[in-house]
Amino acid sequence: MGRPKKSEPRCEQLNLSLTASELEGIKRRAYAVGMRPVHFGRAVLLDQTRKVAVKREPASNINRLLYSQLSRLGQNLNQLMRYLHRTGDPLPADLEPLLNDIRQIIARRVPR
């Protein structure tokens, strides 16, 4: 038994001419959101109601520092969670307020 047939298969193509730097930019944006370039392009071209999230480069030194610190926090939290799961210890009481603070910082700083 094979894969079920799609009701409307994609059999048409749209060919674009791009410069090498344009193609690299599209690939970089696609990989930043975890998509293949072809799927990213389709999503951008066809979906007018939803914006595709694009991971942008930090614009200033302050943003670079913020992203760096959030990354370090994430790594530390990951190590803590691994330890807690391995030992079966409960979550620390002060962890939830810290996570809420991190979520608020991300919500203020990350463009949607």
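Bear in mind the structure is a predicted one, so any value in this text is a computation, not a measurement.

Colleague: How should I be thinking about the overall build of the protein chain in this particular structure?
Modeller: Helix and strand counts for the protein chain stand at 4 helices and 0 strands. Secondary structure elements in the protein chain, listed N-terminal to C-terminal, are α-α-α-α. A total of 112 residues make up the protein chain; the buried ones form 12% of that total. Within the protein chain, contacts between residues separated by at least 24 positions form 30% of all contacts whose residues are at least 6 apart in sequence. Carbon and sulfur atoms form 54% of the exposed surface of the protein chain, whose accessible area is close to 10,200 Å².

Colleague: Would you explain a nonpolar patch on the surface in this entry?
Modeller: A surface patch of nonpolar side chains, about 620 Å² in accessible area, is lined by Leu14, Leu16, Leu18, Leu23, Leu45 and Leu46. Note on placement: Leu14 falls in the segment before α1 (20–32).

Calculation criteria
- Residues numbered from 1 in each chain as written.
- Predicted model: local features only at pLDDT ≥ 70, side-chain atom pairs only at ≥ 80, totals over all residues.
- Heavy atoms only, no water.
- Helix = DSSP H or I, 4+ residues; strand = E, 2+ residues; numbered from the N terminus.
- Buried < 20%, exposed > 50% of the residue type's maximum accessible area, 1.4 Å probe, protein only.
- Contact = heavy atoms within 4.5 Å.
- Areas by Shrake-Rupley, 256 points an atom, 1.4 Å probe, with all protein chains shown as cover.
- Patch = residues over 30% accessible without salt bridge, like charges linked within 9 Å, V, L, I, M, F, W, Y side chains within 5 Å.
- Salt bridge = Lys/Arg side-chain N within 4 Å of Asp/Glu carboxyl O.

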